[in-house]
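Remarks on the overall topology
The chain contents come next:
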Amino acid sequence: MKLLVSVVDAGEARAAAAAGADIVDVKNPTEGSLGAPAPAVIAAIRAAVPAALPVSAAIGDMPDLPGTAALAALGAARSGASFVKVGLWGVSTEAKAVALLSAVRDGAAAVPGTVVVAGAYADARRVAHAPLAPELVPRVARAAGVDVCLLDTAVKDGRGLLDWLAPDALTALVDEAHELGMEVALAGALRAEDLPVVQAIGADIAGVRSAACGDGRRSGPLEAARVRALRAAYTATPRASR
C-alpha cells in the first residue's frame, strides 16, 4: 500500500517526500474536501520534489460542469500532476458521473500518462444534494475509462471514512474495483491506527492530511515526524491474507 500525503505548498511537499511519502498530493483545504490549488502551486511542488516521486492534484469538488472539469484537468496535468483527482460532488446519477469523468479523462489526456482519479464521498448521504453513492464509483469509473477510484469524506468534522463505511463494505468495493482492473485509494480523516485496517481491506493507496499535521488538524502545518509515524503504523503490520 502506498502512502499519499496531501500538502499545500512546496515546503510541506519537501518534508513529506523526505519523510517517505509515496505520492505527494496537492490540494487547497480551504476550498473543500478536494479543493483545487492554483496551477502555480502544483508547478512549484512538482519542481520541489524528486522527479521520480508522483505528484497528484485535486481539481475540486466538481459541480455538474463537464467543460469546466475538462479545462481544470488540462490545467492540472500541464502544471505537473501525474494524477488528477476529481470529486463527483455535483452529480448523483451514473450517467452524469460518467459524463463528468469522461470530460476529465479527455482533458487530462493532453498530457500522455496522466492518471485520472474518480473521487466519491463515503458520507454522501448526509450531504443535502446527495452526491453519487460511493458504492457506484467503481462502475462509473470503469465506464468512463478511468483507472483509479477514491473514497474520501465530504464533511471534515473529525468523523472519518471508517465511521461511514464498515470494513466489509469497503472490502467489497475494493474487490469490485480490482476485478474491473482499477486501483483504489481510501482517505477521509484516516489516523495511524486506521492504516492497518485500510491495508487489510486491500487498498492500493491510503491518503492522509490531518493525521500528518500539527494537532491532527488539516489546517495545521505538516510535520515530517507525523508522516514517518504514519508509514511505520502500517508497514510494520503484516497484511492479513484475504
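Relevant structure appears above.
Residues numbered from 1 in each chain as written. Predicted model: local features only at pLDDT ≥ 70, side-chain atom pairs only at ≥ 80, totals over all residues. Heavy atoms only, no water.

Thoughts on the overall build of the protein
The test is simple: The numbering of helices and of strands both runs from the N terminus, where a helix is a DSSP run of H or I of at least 4 residues and a strand a run of E of at least 2. All radius of gyration figures rest on C-alpha atoms, and the globule criterion is 2.2 Å times the number of residues raised to 0.38. To sort residues, take the accessible area from a 1.4 Å probe on protein chains only and compare it with the maximum for the residue type: under 20% means buried, over 50% means exposed, and anything in between is partly exposed. By the counting rule applied here, Lys and Arg register as positive and Asp and Glu as negative, while His and the ends of each chain are not counted. By convention, the point assigned to a charge is CZ for Arg, NZ for Lys, CD for Glu and CG for Asp.
A tally of regular secondary structure across the protein gives nine helices and eight strands. Scaling as 2.2 N^0.38, a compact globule of 242 residues should have a C-alpha radius of gyration of about 18 Å, and the protein matches this with 16 Å. For the C-alpha atoms alone, the extent of the protein along its principal axes is close to 45 × 40 × 30 Å. By residue count, 51% of the 242 residues in the protein fall in the buried class. Computed over 23 positive and 25 negative side-chain charges, the inter-centroid distance for the protein is 3 Å.

Quick word on the layout of surface pockets
For the record, the criterion: Cavity and pocket criteria rest on a 1 Å grid covering protein atoms alone: a 1.4 Å probe that fits but cannot get out defines a cavity, protein on both sides within 12 Å along at least 5 of 7 lines defines an open pocket, and an atom within 4 Å of a point defines a lining residue. Grid points are joined across faces, edges and corners, and a volume is the space filled by probe spheres set on the points. Residues were grouped as follows: Ala, Val, Leu, Ile, Met, Phe, Trp, Tyr, Cys and Pro as nonpolar; Asp, Glu, Lys and Arg as charged; and all remaining residues, including Gly, as polar.
Looking at the largest pocket, its volume works out to about 450 Å³. Every residue lining the largest pocket is counted, 35 residues in all, and those nearest its centre are Lys156, Gly188, Ala189, Arg209 and Ser210. Contributing elements (two or more residues each) for the lining of the largest pocket: strand 1 (2-7), strand 2 (23-26), strand 4 (83-87), strand 6 (148-152), strand 7 (183-186) and strand 8 (205-208). Within the lining of the largest pocket, the residues separate by chemical class into 15 nonpolar, nine polar and eleven charged.

Overview of the sheet that holds strand 5 (residues 115-121)
Strand-to-strand pairing in sheets goes through backbone hydrogen bonds, with the strands running parallel or antiparallel. Test applied: At least two bridges found by DSSP between two strands is the condition for calling them paired. Geometry is summarised by axes, namely lines fitted to C-alpha atoms with helices restricted to the contacting stretch, and by angles between N-to-C directions that run from 0 to 180 degrees. For this analysis, residues touch if any pair of their heavy atoms sits within 4.5 Å.
Pairing in this closed barrel of eight strands is parallel, and the strands run 1-2-3-4-5-6-7-8 around the ring. Taken over all neighbouring pairs, the strand axes of this sheet differ in orientation by 25° on average, direction set aside. Bridge analysis of strand 4 against strand 5 gives five bridges, and the strand direction is parallel. In the sheet register, Gly87 faces strand 5, and the bridge partner there is Gly119. Lying on the sheet, helix 4 (residues 94-108) is in contact with strand 3 (55-61), strand 4 and strand 5; it crosses strand 5 at an angle near 155°. Its contacts with the sheet place helix 9 (residues 224-235) against strand 1 and strand 8, and it is angled at close to 155° to strand 1.

Here we look at the pattern of salt bridges
Convention followed: Think of a salt bridge as a Lys or Arg side-chain nitrogen and an Asp or Glu carboxyl oxygen that are within 4 Å of each other.
In total, this model carries 13 salt bridges according to the counting rule given. Of the charged contacts in the structure, one is a salt bridge between Arg126 and Asp123, with a shortest N-O distance of 3.0 Å. We note a salt bridge from Asp157 to Arg126, for which the minimum N-O separation is 2.8 Å. Note that Asp157 is positioned in the loop between strand 6 and helix 6 (161-164) and Arg126 in the loop between strand 5 and helix 5 (137-143), a separation of 31 residues in sequence.

Section: the packing of helix 1 (residues 10-18) against helix 2 (residues 39-48)
Here is the rule we go by: Each crossing gets its hand from how the near helix is turned against the far one by less than a right angle, where anticlockwise is left-handed and clockwise is right-handed.
Their axes nearest at 9 Å, the elements helix 1 and helix 2 cross at an angle of 35°. Crossing geometry of helix 1 relative to helix 2 is assigned as right-handed. Note on element contacts: helix 2 touches helix 1 through Ala44, Ile45 and Ala48, opposite Ala10, Ala13 and Arg14. Residues of the contact of helix 1 with helix 2, tallied by class, amount to five nonpolar, no polar and one charged.

Points about the packing of aromatic side chains
Heads up, the rule is: For Phe, Tyr and Trp, where Trp contributes only its six-membered ring, two rings pair if their centres lie within 6.5 Å, and the inter-plane angle classes them as stacked under 30 degrees, edge-to-face over 60, or tilted in between.
All told, the structure shown has one aromatic pair when counted by the stated rule. Both rings, one in Trp89 and one in Tyr121, keep their centres 5.4 Å apart while their planes meet at 85°; by these two values the pair is edge-to-face. Placement of the pair is Trp89 in the loop between strand 4 and helix 4 and Tyr121 in strand 5, with a sequence separation of 32 residues. By relative accessible area, which is 0% here, Tyr121 ends up buried.

Overview of the pairing of strand 5
Remember that side chains alternate between the two faces of the sheet whenever the strand is regular. Our working definition: Look down the strands so they point away from you; if going from the first strand over the helix to the second traces a clockwise path, that crossover is right-handed.
Of all seven residues in strand 5, seven are buried; the element is thus mostly enclosed. Because side chains alternate across strand 5, one face comprises the buried residues Val115, Val117, Gly119 and Tyr121, and the other comprises Val116, Ala118 and Ala120, equally buried. Handedness of the crossover is the feature at issue here: the chain leaves strand 4, passes through helix 4, returns alongside strand 5, and the resulting connection is right-handed. The pairing of strand 5 with strand 6 spans five bridges and is parallel.

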